[in-house]
Protein chains: 2
Amino acid sequence: MNRKILLDEKEMPTQWYNIVADMHNKPLPPLHPGTKQPLGPADLAPLFPMGLIEQEVSAERYIDIPQEVQDIYKIWRPSPLFRATGLEKLLDAPVKIYYKYEGQSPSGSHKPNTAVAQAYYNKKEGVKRITTETGAGQWGTALSFACAQFGIECDVYMVRISYDQKPYRKVMMNTFGANVYASPSDRTQAGRDILAKDPHSTGSLGIAISEAVELAAQDEHTKYALGSVLNHVLMHQTIIGQEAEKQLEYAGDFPDVIIAPLGGGSNLAGLAFPFLKHKLQGTKKDLRCVAVEPASCPKLTKGKFMYDFGDTAGYTPLLPMYTLGHNFKPAAIHAGGLRYHGASVLCSQLLKDEVLEAVAIQQLECFEAGVKFAKAEGIIAAPEATHAIAQVIREAEQAKKEGKQKTILFNLCGHGFVDMMAYQDYFAGKLSDHSFTDEELTHALGEIDALQP
Amino acid sequence: MNRKILLDEKEMPTQWYNIVADMHNKPLPPLHPGTKQPLGPADLAPLFPMGLIEQEVSAERYIDIPQEVQDIYKIWRPSPLFRATGLEKLLDAPVKIYYKYEGQSPSGSHKPNTAVAQAYYNKKEGVKRITTETGAGQWGTALSFACAQFGIECDVYMVRISYDQKPYRKVMMNTFGANVYASPSDRTQAGRDILAKDPHSTGSLGIAISEAVELAAQDEHTKYALGSVLNHVLMHQTIIGQEAEKQLEYAGDFPDVIIAPLGGGSNLAGLAFPFLKHKLQGTKKDLRCVAVEPASCPKLTKGKFMYDFGDTAGYTPLLPMYTLGHNFKPAAIHAGGLRYHGASVLCSQLLKDEVLEAVAIQQLECFEAGVKFAKAEGIIAAPEATHAIAQVIREAEQAKKEGKQKTILFNLCGHGFVDMMAYQDYFAGKLSDHSFTDEELTHALGEIDALQP
């Protein structure tokens, strides 16, 4: 039996899948925070090229992947689908476990799937520079690589505390040719205002977004890019699941349950949406899909489905999503990519409609799962990805208890080579679990009552 | 045109290639440092299992890869062969460039190819623990992973200065379950002696070897493992070149020149030996093979072919090799894997016989090449691997000047995700080139005159 199933470049999907076409309840529209009226494409034009705005509002089932984007995808795509024979042996449960591995991309995660597409559409419309924010640096690295492919300048506003504490990611972005600025910076009004109040501010993702958006809005040749949450971003990731479906066909298999971590929702969407098509169309009604969130940022399991801002500062449109409130402060855990207060509109609607399930897991269980996985499979997973592994182990144990056969597919969305300090802290006993009191959760949610239409 | 050529697991080679069978001048024997007499298998038995000793002295052309080793290889093998279309476009020269990429292995380099084999033969003979040394950590990581596959304990003695300054690699080894000790340690007589003289010793590869060897020699259930230099280690790597030959056949191509960095010689041997078979057998007489060394450790271009110790402390047998003298202190460059005073016996003999060529390149040229490569190909190379890229660029420029078509194959032996501080120092202008005076080179070489038989 093969340990991995590979596809030839000629078998790479040539279209992205847009789940909106198959959703029973279509996503609610984004609203203007002032008027509370639905936003139109023109409202987004200062920030995004029209090619992406059209995708954002599209209800077409399939959208062609431009040849130029396909050519760059082929640097690392199709990505391998692994049969987790080592982990299966260790768990000794009646399960078959498959995982799609996105860690072989230029930035080491699934993020370049959308970064390359976004850079392409910007280039096509003459954009000279793209601004973005990055926390731990995964998204910034992906966009830096993508911009290098099209000769676009890339300015990344990196949260100051990560800029200082996680220099590896910054250097990766520099290597791909991007300019990386610690945020808050003195390059924007938003940054200067923060620094005037607090010269030693360590920054936040919300501040970094404000800086990147401000610069894009001011200059017609500069646009802004986001690495998750938006519909077009999730759609670009669906190449993952389409490949996986073809690979599982070669293995003669189809999953009973699909598992992925959820930060904004793009890696879950990427793997699961092409499979959920069959559930929504009624041919695979029993297919389960589990989104795994950290217990320290439990928007899916303890948040509410409400309109909220996508950023902390309140500059974005209002989006209908499961949220903890945009002022919610998640606990400081190592899976930085999962520390986001809300879930994407598409994932939120699907969770509300019970197409998705959600579970929250503490970080100690996740790291324990990650260490088991590394020894059994030879891949050190990113802290975000260990959340999926932890749930896989739970599912396997459940199957063993029930004596039921199960086929599990999960998204190993990135490697952990640049996150080894997280594992070090785990081994050193410096990490702890964290749960929020109901009062803490209620407070940040209460603040957004006034935003509802 | 495909950007990469993949092989199915079923196409993975099932034998290692032993170049000794085809060498016109066979390698000279290792000598006992006291008697200056050739060593026999029994002399090596305290340190290595007999399965590996047999391979070390074998002259068989092919040796079967055990099924258990093949099964673990399949976690990451066959490795991809890339056509460097991005780099070709950038260089605009009449060259086709291919590279074999070993960075998708569990430790991120070619080292697990031999680590898994070595762990297997140790396990087969009942060994409970393997000791080894590691400098920057690539080899230690590979052996940690390999030992985890067979349930063998792994004790890694890591040079103190790397242990303190490069914590990522240490944590990777811990994640795979190894015990990592800063060397010099108080766990060995060798370590205690050093610490008694210098409590703040930052260690050296030579000291770490002494500690690992001492522990293996004392305990019948403990053996020692080495990550390069020895014949069996180089042979285990030949799966790389055998795969590459098959992949190039699919592309309808054969290289005019093969390029690899050379530290001890295992990654060059791995890629090149299966191709050099044809040169030695007379069917591809014009095939060139270039070993690239750092100018800061120029054993191939400025060293002498003499008997010398494999380690700094003088505990190993005497080996016939190109060497700068075992007390030579290489300049502090970032390609730690290339800072070794000697070259493996097999590579040395082939260089002496003009089957190989050698070139020394300064590190600034290498990092410049690495940055170009990252932008063009989307892979950030390990500092060691950038030496090959720099030579590829030289060959392409030469071909352009001469107006001659050329097909180049090189070994991208590892990624640089855990070496980003090297790139940071490069961008910050902290790196410099280094050349040695003739006097500096003569001194360390003069010390080994007395060792000659």
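Residues numbered from 1 in each chain as written. Chains lettered and ligands numbered in written order. Predicted model: local features only at pLDDT ≥ 70, side-chain atom pairs only at ≥ 80, totals over all residues. Heavy atoms only, no water.

Undergrad: How do you make sense of the sheet that holds strand β6 (residues 129–134) of chain B when you look at a structure like this?
TA: Through backbone hydrogen bonds, the strands of a sheet pair up, either in parallel or in antiparallel fashion. Residue and element names in this part refer to chain B. Judged by pairing direction, the sheet is parallel, and its 4 strands sit side by side in the order β8-β7-β6-β9 without closing on themselves. At either margin of the open sheet sits one strand with a lone partner, and together these are β8 (179–183) and β9 (222–224). Across the sheet, the axes of successive neighbouring strands diverge by a mean angle of 25 degrees, strand direction being ignored. Two elements, strand β7 (residues 153–159) and β8, share 5 bridges in a ladder whose sense is parallel. The partner of Val159 across the bridge, within β8, is Ser183. In the packing of helix α10 (residues 205–218) onto the sheet, contacts are made with β6, β7, β8 and β9, and the angle to β6 comes to roughly 170 degrees. (Pairing = 2+ DSSP bridges. Helix = DSSP H or I, 4+ residues; strand = E, 2+ residues; numbered from the N terminus. Axes fitted to C-alpha atoms, helices over the stretch in contact; angles between N-to-C directions. Contact = heavy atoms within 4.5 Å.)

Undergrad: Quick question: what am I supposed to make of the interface of chain A and chain B here?
TA: By a frequent convention, interface size equals the accessible area lost on bringing the separate parts together. At the junction of the two partners, chain A supplies 46 residues and chain B supplies 46 residues. For the pair chain A and chain B, the two sides together bury roughly 3900 Å², of which 62% comes from carbon and sulfur. A per-residue breakdown of the area chain A buries against chain B is headed by Tyr168, Thr175 and Phe417 of chain A, which together make up 19% of the total. The tally of links from chain A across to chain B stands at 2 salt bridges. Across the pair Glu9 of chain B and Lys4 of chain A runs a salt bridge, and its minimum N-O distance is 3.0 Å. Between chain A and chain B we count 15 residue pairs in polar contact (both at pLDDT 80 or more) in total. Examining the composition of the side of chain A that touches chain B, we find that 6 residues originate from one element, helix α8 (residues 167–175) of chain A, more than from any other. Across the side of chain A that touches chain B, the residue classes break down as 26 nonpolar, 9 polar and 11 charged. (Buried area = accessible area lost by both parts, 1.4 Å probe. Salt bridge = Lys/Arg side-chain N within 4 Å of Asp/Glu carboxyl O. Polar contact = N/O pair within 3.5 Å; in protein donor to acceptor, adjacent residues only side chain to side chain. Nonpolar A, V, L, I, M, F, W, Y, C, P; charged D, E, K, R; others polar.)

Undergrad: What is the right way to look at the pattern of salt bridges in this model?
TA: Side chains that carry opposite charge are capable of pairing whenever their charged atoms lie near each other. Residue and element names in this part refer to chain A. One pass over the structure, following the stated rule, counts 34 salt bridges over all chains. Residue Arg288 is joined to Glu357 by a salt bridge in which the shortest nitrogen-to-oxygen separation is 2.8 Å. With Arg288 in strand β11 (residues 288–294) and Glu357 in strand β14 (residues 357–361), this pair connects stretches of sequence that are 69 residues apart.

Undergrad: Explanation requested: helix α12 (residues 239–250) of chain A in the structure shown.
TA: The α-helix advances 3.6 residues per turn, and as a result positions three or four apart in sequence lie on the same side. All names here are of chain A. Helix length check: α12, at 12 residues, gives a terminal C-alpha distance of 17 Å against a target of 16 Å (1.5 Å per residue), a fit within 8%. Taking burial as the measure, the 12 residues of α12 include 9 buried ones, the bulk of the element. If you check which residues of α12 are buried, you get Ile239, Ile240, Gly241, Gln242, Glu243, Ala244, Glu245, Gln247 and Leu248. Two residues or fewer after α12 comes Gly252, characterised by a positive phi angle close to 70 degrees. (Expected span 1.5 Å × (residues − 1). Buried < 20%, exposed > 50% of the residue type's maximum accessible area, 1.4 Å probe, protein only.)

Undergrad: Would you take a moment to explain empty space enclosed by the protein for this structure?
TA: In this approach the atoms are scanned with a rolling probe the size of a water molecule, which exposes any empty space left behind. Evaluation of the coordinates by the stated rule reveals 3 cavities of 30 Å³ or more. Put simply, the largest cavity is a space of about 520 Å³. Taken together, 37 residues form the lining of the largest cavity, with Tyr101, Gly103 and Gln104 of chain A together with Tyr101 and Gln104 of chain B sitting closest to its centre. Its residues assigned to classes, the lining of the largest cavity shows 23 nonpolar, 12 polar and 2 charged. What lines the second largest cavity is a set of 13 residues, and nearest its centre among them are Asn18, Val20, Asn231, Met235 and Leu346 of chain B. Of all the elements in the fold, those that place two or more residues in the lining of the second largest cavity are α2 (50–56) and α11 (231–236) of chain B. (1 Å grid on protein atoms, 1.4 Å probe; cavity = no way out; pocket = protein on both sides within 12 Å on 5 of 7 lines; lining within 4 Å. Points joined across faces, edges and corners; volume = space filled by probe spheres on them.)

Undergrad: In this structure, what is going on with the domain arrangement of chain A? I would like to understand it.
TA: Residues and elements named next belong to chain A. Assigned domains within chain A: domain 1 (4–8 + 77–108 + 237–451) and domain 2 (17–66 + 111–231). Inter-centroid distance (C-alpha atoms) of domain 1 to domain 2 is 22 Å. In this complex, domain 1 contributes 42 residues to the contact, which on the side of domain 2 involves 38 residues. When the area that domain 1 buries against domain 2 is broken down by residue, the three leading residues are Ser107, Leu280 and Leu346, summing to 18%. For the pair domain 1 and domain 2, the interface holds 0 salt bridges. For the side of domain 1 that touches domain 2, the secondary-structure elements that each account for two or more residues are α12, α13 (266–280), β12 (304–309), β13 (318–323) and α15 (345–352). Looking at the side of domain 1 that touches domain 2, the element that brings in the most residues is α13, giving 6 residues. Grouping the constituent residues of the side of domain 1 that touches domain 2 by class yields 23 nonpolar, 14 polar and 5 charged. (Domains from an automatic or database assignment.)

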